Amino acid sequence: MMGYIILILLSLIPLLLRSVPIKFHVTGSPLLEERQLLHGRQLRASAFNFMPCLSATKMSSGNYSYFGICNDIIKWVSEHFQMELIYVPVDNTDRVKLGIVPALIKQIVKQEVDVIPFSFVPTPGLLLQIDCSIPLTVEDYYLLQPWPKEESRLTACIRPFSLNVWMLFFFSVIAIIVFMALLTHYYHQWGTERKSKSFMNDIYDHTLYTMTIIAGQGNHISAKANISLRLVAGVWCLTMVVLVNAYTGTLMSYLTVPKLRPIVNTLEELAASSETRMTVDFELGKARMFLEATSGPNKVIGNSLRNNPQLLIKGNTLDGVKNVLQRGATYFANHLLVNYFLAMDMKSHQECRMTYSDPIPFVEYYSLGLPKGGRHNSIINHDLQYLWENGLISHWMLQYTPNVDKCMVGKIKPSGKMTYLTLTDLSSAFALLGIGIGLSVFAFALERMAFTKSNRRNKIRRKEKMQFYGL
């Protein structure tokens, strides 16, 4: 009976549904609806030349092709929202008159573009005119500078030891010669034989002994010598084993491994340097921290920039590289810009012509420019967050800056191949030989002069004696 009742109720359900006007409405995701509003629309982006952010190349058809990291980001945005990307060139007159940043802001304020693919640094003044996207990258700053020159190989023979070591070494040589000569001299005086050998002869003998031990030629002391003299000689031989082996082992590296002059790694070192000055982009505001400084190294650098206005570049990063390569200046720029210029220079030159410092304690956040209070800013920021979290931006950056670590001082790896020692490597040894020959010739000339003078005196004395005896 119960089964019949259930069957009757099930058969009545369709009739009930027809009689009752029920409406089913499924509400979609607000983010999905927001994206759909952008589908098929045009995405107008500012077009300009500012490497490595965005650059334009004119093709044979007359159209322009754009490339750069900012282009990769804005292209991804247009494809993600299924929009038609259109580049709107910035007015060249405005760029020359106002500068690149004010010209770009003027474009978006006049609603000529929907987005500015430029690396803006959000500031209170900038946020009064436009909105900025979420930070897409955070960059340290570095000092891009010319590749340091090698130190002269003429000093390679003295570089294995510091000045203090050399001074102590020469003092020890003199002290050991005098001490051994004193022991020998007093041993002769107190001995039974009482040799009439002078103290200067003892100095001469022990100087030869000391020099032969230093040169590794070997020498000996008579077994009849007293224990104190042999003890001093033994200690000297042991000391020379350590010093000579340390010297020869270190000398090989100085002869075969080029030693570069130190680079500038801090703003303090740059302010104190007399060989290089800072070059910086005036238009992007980095120069203000130096020009407006009232104390410290920043003030010194600011004074240098005022005295050298050619080092204040305006909106063209290539001018900064020219100042580095042609004027020997140091370019204050973010890590991406430094790596990009190193990578570009490595494409045209096999050897590194530039390098960069350790990170400077100065960090900036970079964002795209969006319309002030734009309706779609929130959804664009939401999806840019997705882009950043997936690591695509870092991947694109690496494509523009490959293999630049080899131009960092201290990270160059040896080739691993056996090479001949060249004349440049051994120039210090030949220079030392030349100095020695020169001193020898000079000593010979002095000896000759002394000998001639002595002969003249002897002749005069003999002549005087002959005259005295009437011969």
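Quick caveat: nothing in here was measured; it's all calculated off a predicted structure.

Reading the values: rules and limits
Residues numbered from 1 in each chain as written. Predicted model: local features only at pLDDT ≥ 70, side-chain atom pairs only at ≥ 80, totals over all residues. Heavy atoms only, no water. Helix = DSSP H or I, 4+ residues; strand = E, 2+ residues; numbered from the N terminus. Contact = heavy atoms within 4.5 Å. Axes fitted to C-alpha atoms, helices over the stretch in contact; angles between N-to-C directions. Parallel < 35°, antiparallel > 145°, perpendicular 65-115°, else oblique. Left-handed = near helix turned anticlockwise from the far one by under 90°. Buried < 20%, exposed > 50% of the residue type's maximum accessible area, 1.4 Å probe, protein only. Pairing = 2+ DSSP bridges. 1 Å grid on protein atoms, 1.4 Å probe; cavity = no way out; pocket = protein on both sides within 12 Å on 5 of 7 lines; lining within 4 Å. Points joined across faces, edges and corners; volume = space filled by probe spheres on them. Nonpolar A, V, L, I, M, F, W, Y, C, P; charged D, E, K, R; others polar. Core = buried A, V, L, I, M, F, W, Y, C linked by side-chain atoms within 4.5 Å. Phe/Tyr/Trp six-rings, centres within 6.5 Å; stacked < 30°, edge-to-face > 60°. Disulfide = S-S within 2.5 Å.

## A short note on the environment of P160
Following the sequence through the fold, P160 ends up in the loop between β7 (137–146) and α7 (163–190). Excluding anything up to four places from it in sequence, P160 contacts Y247, T250, L251 and Y254.

## Points about the packing of helix α13 (residues 317–327) against helix α14 (residues 335–348)
As a packed pair, α13 and α14 sit with axes 11 Å apart at the nearest point and diverge in direction by 65°. Of the possible angle classes, the one that applies to α13 and α14 is roughly perpendicular. In this structure, α13 meets α14 at a crossing whose hand is right-handed. Each of T317, L318, V321 and L325 in α13 lies in contact with α14, whose residues at this interface are L337, F341 and D345.

## Here's the deal with the pairing of strand β8 (residues 278–281)
Residues of β8 alternate between two faces, with M278 and V280 on one and T279 and D281 on the opposite face, all of them buried. Looking at chain direction, β8 and strand β10 (residues 330–334) are connected through two bridges and run parallel. Paired with T279 across the bridge in β10 is Y331.

## Quick word on empty space enclosed by the protein
Scanning the entire structure with this criterion turns up one cavity of 30 Å³ or more. The space that makes up the largest cavity amounts to roughly 40 Å³. Surrounding the largest cavity, L43, I74, V77, V115, L368, L370, I380 and L384 form its lining. Of all the elements in the fold, those that place two or more residues in the lining of the largest cavity are α3 (69–80), β12 (360–370) and α15 (377–389). Each residue belonging to the lining of the largest cavity can be placed in one class, and the counts come to eight nonpolar, no polar and no charged.

## Side note on the nonpolar core
One finds F48, I73, F118, F120 and L384 to be the most contacted residues of the largest nonpolar core, which totals 66 residues. It is α14 that contributes the most residues to this core, eight residues altogether. The contact partners of F118, leaving out residues within four places of it in the chain, are F48, F50, C53, C70, I100, V101, L104, L284, S367 and L368.

## Description of the packing of aromatic side chains
What characterises a pair of aromatic rings is the spacing of the ring centres plus the angle enclosed by the ring planes. Here the structure, examined in full by the defined rule, presents 17 aromatic pairs. An angle of 65° between the planes, with centres 5.1 Å apart, marks the rings of F118 and F120 as edge-to-face. We classify F118 as buried; its relative accessible area is 2%. On the numbers, 5.5 Å between centres and 85° between planes, the contact of F290 with F332 is edge-to-face. Of this pair, F290 sits in helix α11 (residues 288–291) while F332 sits in strand β10, and the two are 42 residues apart along the sequence. Per residue, the accessibility class of F290 equals that of F332, and both read buried. Here the aromatic residues F161, W166, F169, F170 and Y247 are joined through ring pairs into a cluster of three or more.

## Brief notes about the state of the cysteines
A complete count under the given rule lists two disulfides for this structure. Residue C53 pairs covalently with C70 via a disulfide, S to S 2.0 Å. The disulfide joining C53 to C70 has a torsion of about -105° about its S-S bond and is therefore left-handed. Highlighted residues: C53 in the loop between β1 (42–47) and β2 (55–58) and C70 in helix α3, separated in sequence by 17 residues. In this structure, C53 and C70 share a single accessibility class: buried. Taking only the cysteines that form disulfides and numbering them from first to last, the chain has the pattern 1-2, 3-4.

In short, shape yes, function no, at least from these values alone.
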